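Fold and contact review
Here is how the chains run, residue by residue.
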Amino acid sequence: MAEAKTKKKGLALHWQILIGIGLGIVAGIVLCKITPYDNWYKYIKWAGDIFLRGLRMIVIPLVFSSIALGVAGMGNSAALGRIAGKTILYYIVTTAIAATIGLTLVNIVKPGVGASLNLAEEVTAVGSGQVSFIDQIVSIVPSNIFESMAKGDLLPIIFFAIIFGLFMNKVDEKYTGFLTNLFTSIYEVIMKITMFIIRLAPFGVFAIVTNVVGKQADDPQALLAMAGSLGIFVLVVWGGLLIQGGVILPLLVRLIGKQNPWRHISKMSTALLTAFSTCSSGAALPINIRDSQEKCGVSNKIASFVLPLGSTINMNGTALYECVTAIFIAQAYGIDLSLAQQVMIVFTALLAAIGAAGIPMAGMVMLAIVLSAVGLPLEGIGLVLAVEQLCDMPRTCINTYGDACGAVIIAHSEGEELTI
Ligand code: ASP
């Protein structure tokens, strides 16, 4: 009976997604080559769009119900304060480590020195991105929660959900009970929808990758650029991400979370591959919450607080990318940066990573903040446009992985029994 059940399960989902990625690469190249004028790869894009929209569709009800429940479940504000304090500390420390790794590598390898500025593409879509620190803080408090929900602004939604959860415990018991039931029901339904949507992941991922690869294979400029300093720049970004995701975070899971990091990565592989192929840590969030709870044993209380918050403010990969790219641009333009300016880059990279949304290319848009903080030319962003996809995929994966590690470490520190 048990054997029959295992057989029925078939190939694990992460293998199916990996096959989807592999087939997508092949299909993208083949379709681009055999249909050079009509680019048939774009006719597959809709399947990827449906998958992504499906995941985004559930994010807001999921975040709201899970955080309100999680906070209410903490029972008192002391527990909330303790967990929030640990979460923020973990996020700041790991993001600062990531940014410093990026800064160090790019200063050692110097990929921008001698880079040809002719390859710079024109930047049209990127605004100045200038928002003051105070404005960022103020905008966390929503003036209209429905507007924030309609716009998909997660930080104000998280703020309101925390307040709501806190005050859920302060009303008459019969209302607390009713609200707990209501949110638990919503949460359970959304989780079931999540399970349904992620079964479509291999197809969605196949369509997304086919389209991305088709476009790149169609763009000889991008391929050419990869041969020179941009190729080295990409390698520096990947190298930094590999150190953060393959050494620093696993070490923290081992030493502080007291868990086997490789088993943890394998349990989180569906979420990580989804982040990698969709370039959206927001889209990977529902899967991250589900697998952290179901496969790793993190409690609902911790997963539903740490992960949604992490998906918006904890972006190790993005911070690292911001540092590497800002210094790469300075090198390409032959601008010498003082130590103080480099420290400023690390600091603004932290803020940019906090402010970046969990959507594709958000980090590149936030680069404008980092560049203007130290007076670097905004046009420099045009230099790295050609390889944005190649940098966005792995940095999103590390963003999501950083959150998953945070959930495990904080759960362990709260004395939870994990099942990794
Ligand atoms: N795409 C990234 C994410 O969703 C954000 C970024 O562009 O750096 O986490």
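Just so it is clear, the structure is predicted and the values come from calculations on it, not from any experiment.

Analysis parameters
- Residues numbered from 1 in each chain as written.
- Predicted model: local features only at pLDDT ≥ 70, side-chain atom pairs only at ≥ 80, totals over all residues.
- Heavy atoms only, no water.
- Helix = DSSP H or I, 4+ residues; strand = E, 2+ residues; numbered from the N terminus.
- Buried < 20%, exposed > 50% of the residue type's maximum accessible area, 1.4 Å probe, protein only.
- Contact = heavy atoms within 4.5 Å.
- Areas by Shrake-Rupley, 256 points an atom, 1.4 Å probe, with all protein chains shown as cover.
- Lys, Arg positive; Asp, Glu negative; His and termini not counted.
- Charge placed at Lys NZ, Arg CZ, Asp CG, Glu CD.
- Expected span 1.5 Å × (residues − 1).
- Phe/Tyr/Trp six-rings, centres within 6.5 Å; stacked < 30°, edge-to-face > 60°.
- Lys NZ or Arg CZ within 6 Å of the ring centre and 35° of its normal.
- Axes fitted to C-alpha atoms, helices over the stretch in contact; angles between N-to-C directions.
- Left-handed = near helix turned anticlockwise from the far one by under 90°.
- Nonpolar A, V, L, I, M, F, W, Y, C, P; charged D, E, K, R; others polar.
- Patch = residues over 30% accessible without salt bridge, like charges linked within 9 Å, V, L, I, M, F, W, Y side chains within 5 Å.
- Salt bridge = Lys/Arg side-chain N within 4 Å of Asp/Glu carboxyl O.
- Near = heavy atom within 4 Å.
- Polar contact = N/O pair within 3.5 Å; in protein donor to acceptor, adjacent residues only side chain to side chain.
- Core = buried A, V, L, I, M, F, W, Y, C linked by side-chain atoms within 4.5 Å.

**Structural notes on the overall build of the protein**
In terms of helices and strands, the protein carries 20 helices and zero strands. If one aligns the C-alpha atoms of the protein with their principal axes, the spans along those axes are about 70 × 55 × 40 Å. The buried share of the protein, reckoned over its 420 residues, is 53%. In the protein, once contacts between residues fewer than 6 apart in sequence are set aside, the share between residues at least 24 apart is 84%. Only carbon and sulfur atoms are counted for the fraction: they give 69% of the accessible area of the protein, which is about 18600 Å². With 26 positive and 24 negative side-chain charges, the protein shows a separation of 11 Å between the mean positions of the two kinds.

**Remarks on helix H15 (residues 300-313)**
Turn by turn, an α-helix covers 3.6 residues, leaving residues three or four places apart pointing in a common direction. Helix length check: H15, at 14 residues, gives a terminal C-alpha distance of 20 Å against a target of 20 Å (1.5 Å per residue), a fit within 8%. When you tally the buried positions in H15, you get 12 out of 14 residues, the bulk of the element. The complete set of buried residues in H15 reads Ile302, Ala303, Ser304, Phe305, Val306, Leu307, Pro308, Leu309, Gly310, Ser311, Thr312 and Ile313. Against helix H3 (45-73), helix H4 (77-109), helix H7 (154-168), helix H14 (281-294), helix H17 (339-355) and helix H20 (388-413) lie the buried residues of H15.

**Description of the packing of aromatic side chains**
Applying the stated criterion across every chain yields a total of eight aromatic pairs. Aromatic pair Phe64 and Phe183: ring centres 5.7 Å apart, planes at 70 degrees, arrangement edge-to-face. Within this pair, whereas Phe64 is found in helix H3, its partner Phe183 is found in helix H8 (residues 173-199), the two being separated by 119 residues in sequence. Phe183 shares its class with Phe64; the two are buried. Here the aromatic rings of Phe233 and Tyr321 are separated by 6.4 Å at their centres, their planes lie at 65 degrees, and the arrangement is edge-to-face. In this pair, Phe233 is assigned in helix H11 (residues 229-255) and Tyr321 in helix H16 (residues 316-332), connecting sequence segments 88 residues apart. Phe233 sits in the buried class, given a relative accessible area of 0%. Through a chain of ring-to-ring contacts, three or more aromatic side chains come together here, namely Phe64, Phe160, Phe164 and Phe183. The aromatic ring of Tyr321 is capped on one face by Arg395, whose charged end is 4.1 Å from the ring centroid.

**Re the packing of helix H13 (residues 269-278) against H20**
Two elements in contact, H13 and H20, have axes whose closest approach is 7 Å; the angle formed by their N-to-C orientations is 145 degrees. Note that H13 runs across H20; the crossing there is right-handed. From H13, Ala271, Leu272, Ala275, Phe276 and Ser277 reach across to H20, where they touch Met393, Pro394, Thr396, Cys397, Thr400 and Tyr401. Broken down by class, the residue content of the contact of H13 with H20 amounts to eight nonpolar, three polar and no charged.

**What to know about the environment of Lys258**
Inspection of the secondary structure assignment puts Lys258 in the loop between H11 and helix H12 (261-267). Lys258 sits 96 residues away from Ile162 along the chain, and the two C-alpha atoms are 29 Å apart. Discounting residues that sit within four places of it in the chain, Lys258 has contacts with Val253 and His412.

**Some points on a nonpolar patch on the surface**
Where nonpolar side chains cluster on the molecular surface, the patch consists of Leu11, Trp15, Leu18, Ile19 and Leu23 and spans about 490 Å² of accessible area. Secondary-structure assignment places Trp15 in helix H2 (residues 13-34).

**Observations concerning the site of the ligand**
Contacts to the ligand come from 16 residues, most closely from Ser281, Thr318, Gly363, Asp392 and Arg395. The side chain of Arg395 places a nitrogen or oxygen atom 2.7 Å from an oxygen atom of the ligand. Between Thr396 and the ligand, the recorded distance is 3.0 Å, taken from a side-chain N or O atom to a nitrogen atom. For the ligand, whose free accessible area comes to 270 Å², the fraction covered by protein is 100%. Taken together, the elements giving at least two residues each to the shell around the ligand come down to helix H18 (362-373) and H20.

**What about the nonpolar core?**
Phe233, Val298, Phe305, Phe328 and Ile345 are the most contacted members of the largest nonpolar core, which has 124 residues in total. With 14 residues, the top contributor of residues to this core is H3. The residues contacting Phe305, other than those within four sequence positions of it, are Val71, Met74, Leu80, Ile83, Ala84, Thr87 and Ile162.

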